Amino acid sequence: MKITANLDQIHNEISSAEKQFQRKQGSVCLLAVSKTRTVDEIMTAFNSGQRHFGENYCQEAVEKIDALKQPDIVWHFIGPVQSNKTSLIARYFDWVHTVDRIKIARRLEESRPENAAPLNICIQINISGEESKSGIAIDETESFINELEQFKRLKVRGLMALPAPTDNFDKQRAAFSQLNNKLRRLNKANPDLDTLSIGTSQDMHAAIAEGATIVRIGTAIFGPRNYVKQ
Ligand SMILES: *Cc1c(COP(=O)(O)O)cnc(C)c1O
C-alpha cells in the first residue's frame, strides 16, 4: 500500500534530518494531515502505526472522528478556528494549533469538557506579513501568552506557523528560524513550552533544522489532494 510505504520513507527522512541537524533521535513528531482524505485512507495510516492526525475543517473532521471511533488517535485541529465551531473543536480534538485570538481561546476554554485533559494549544504566528491573514505578529507573542494564562482548561504548548511557500531552503529556514529564536527566548521564563509546529511536505527539512517538534505532512503521505478548500 502506497500510504504505508510513504510513511516509512518519511520516518526515514525525519530520522536522517534529526541526525544531520544534531537533533535528538525521535524528537520530531509526524502529524499526518488528513484533510480531504477518507476514513479508509486514515485507517490505512493508522494500521501502519500512525497515531497523530491533523484536520482543517471542523465538520469534515467530526464526521470522520465519529466514523473512525478510534480512541488511540490523537486529533490536532490545524485550520482556521471559526467562533461557531469552538464547542465541537473543544470536545473532539486534543490539540488546536491555530489559536490567534483571545476570544477564540475563551470559547475553547468554556467548551472544554471538565473530565477531559486540558486542551493543548499552539499560538499561530504570522511570519510572512500580509500574505496570510491568520496568526498574530511575532512581537505580540509574550503579551498573548500572558493573556492566555487565565484559561485553566487550555495548556499552551508552543508556536505554530505556515509561512508563505518557497522552494528555497535558505528562505524556508530563515522564516522558521524566527520562530525557533522566539521559542528559545520564551523558554527562559517558560520552560513548559515544548512545541514548535512547523514544516509541511515542502519544507520539512528546513523545519527540522530549525527545531520543529511537530511536522505537519499531508501530500507526502497521502498523495496530491484532489481539491483544495479555502
Ligand atoms: C494542508 C496543511 C498542511 C499539509 O500540507 P502538505 O503540503 O499536504 O504536506 C500542513 N499544515 C497546514 C496548516 C495545512 O493546512
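Each remark here, short or long, concerns the structure printed above.
Residues numbered from 1 in each chain as written. Predicted model: local features only at pLDDT ≥ 70, side-chain atom pairs only at ≥ 80, totals over all residues. Heavy atoms only, no water.

Draft legend 1. Local environment of the packing of helix α2 (residues 39-47) against helix α3 (residues 58-68). Between α2 and α3, whose axes approach to 10 Å, the crossing angle comes to 60 degrees. Here α2 lies oblique to α3, going by the angle between them. α3 is crossed by α2, and the crossing has right-handed handedness. On the side of α2, the interface is formed by Val39, Ile42 and Met43, while α3 contributes Lys64, Ala67 and Leu68. In the contact of α2 with α3, the residues fall into 5 nonpolar, no polar and 1 charged. (Axes fitted to C-alpha atoms, helices over the stretch in contact; angles between N-to-C directions. Helix = DSSP H or I, 4+ residues; strand = E, 2+ residues; numbered from the N terminus. Parallel < 35°, antiparallel > 145°, perpendicular 65-115°, else oblique. Left-handed = near helix turned anticlockwise from the far one by under 90°. Contact = heavy atoms within 4.5 Å. Nonpolar A, V, L, I, M, F, W, Y, C, P; charged D, E, K, R; others polar.)

Draft legend 2. Representation of helix α6 (residues 141-148) in the model. Taken residue by residue, α6 has Thr141, Phe144, Ile145 and Leu148 as its buried positions. Across the axial projection of α6, the buried residues extend over an arc of 100 degrees, all falling on one side. Along its buried surface, α6 packs onto β4 (95-99), α5 (102-111), β5 (119-124), β6 (154-160) and α7 (169-189). (Buried < 20%, exposed > 50% of the residue type's maximum accessible area, 1.4 Å probe, protein only. Arc of directions from axis to C-beta.)

Draft legend 3. Quick look at the site of the ligand. Near the ligand you find 13 residues, and of these Lys35, Asn56, Ser201, Thr219 and Arg225 are the closest. In this structure, asparagine 56 approaches the ligand through a side-chain N or O atom, which is 2.7 Å from an oxygen atom. Arginine 225 has a polar side-chain atom sitting 2.8 Å from an oxygen atom of the ligand. The fraction of the free accessible surface of the ligand (390 Å²) that becomes covered by protein chains is 89%. Tallied by class, residues from the shell around the ligand come to 5 nonpolar, 5 polar and 3 charged. (Near = heavy atom within 4 Å. Polar contact = N/O pair within 3.5 Å; in protein donor to acceptor, adjacent residues only side chain to side chain. Areas by Shrake-Rupley, 256 points an atom, 1.4 Å probe, with all protein chains shown as cover.)

Draft legend 4. Focus on the layout of surface pockets. Of the volumes computed, that of the second largest pocket is approximately 190 Å³. In terms of lining residues, the second largest pocket is bounded by Ile145, Leu148, Glu149, Phe151, Lys152, Leu154, Lys155, Val156, Asn190, Asp192 and Leu193. Ranked by the residues each element gives to the lining of the second largest pocket, the list is headed by β6, at 3 residues. Grouping the amino acids of the lining of the second largest pocket by side-chain chemistry returns 6 nonpolar, 1 polar and 4 charged. (1 Å grid on protein atoms, 1.4 Å probe; cavity = no way out; pocket = protein on both sides within 12 Å on 5 of 7 lines; lining within 4 Å. Points joined across faces, edges and corners; volume = space filled by probe spheres on them.)

Draft legend 5. Up close: the state of the cysteines. Applying the stated criterion to the full structure yields 0 disulfides. For the unlinked cysteine cysteine 29, the closest cysteine sulfur is that of cysteine 122, found at 11 Å. (Disulfide = S-S within 2.5 Å.)

Draft legend 6. Structural view of the side chain of arginine 216. Along the chain, arginine 216 turns up in strand β8 (residues 214-217). No salt bridge is formed by the buried arginine 216; the nearest opposite charge belongs to aspartate 203, separated by 6.8 Å. Here the side chain of arginine 216 touches serine 197 through a polar contact of 2.7 Å, landing on its backbone oxygen. Apart from residues lying up to four places away in sequence, arginine 216 is in contact with Leu31, Val33, Ile78, His97, Met160, Ala161, Leu162, Ser197, Ile198, Gly199, Thr200 and Ser201. (Lys, Arg positive; Asp, Glu negative; His and termini not counted. Salt bridge = Lys/Arg side-chain N within 4 Å of Asp/Glu carboxyl O.)

Draft legend 7. A look at the packing of aromatic side chains. This model, assessed by the stated rule, comprises 3 aromatic pairs. Considering the side-chain rings of phenylalanine 77 and phenylalanine 93, the 5.2 Å spacing of their centres and the 85 degrees angle between planes classify their relative orientation as edge-to-face. One end of the pair, phenylalanine 77, is in strand β3 (residues 74-77); the other, phenylalanine 93, is in the loop between α4 (86-92) and β4, with 16 residues separating them in the sequence. The residue whose ring lies beneath arginine 51 is phenylalanine 46, and the NZ or CZ to ring-centre distance is 3.7 Å. (Phe/Tyr/Trp six-rings, centres within 6.5 Å; stacked < 30°, edge-to-face > 60°. Lys NZ or Arg CZ within 6 Å of the ring centre and 35° of its normal.)

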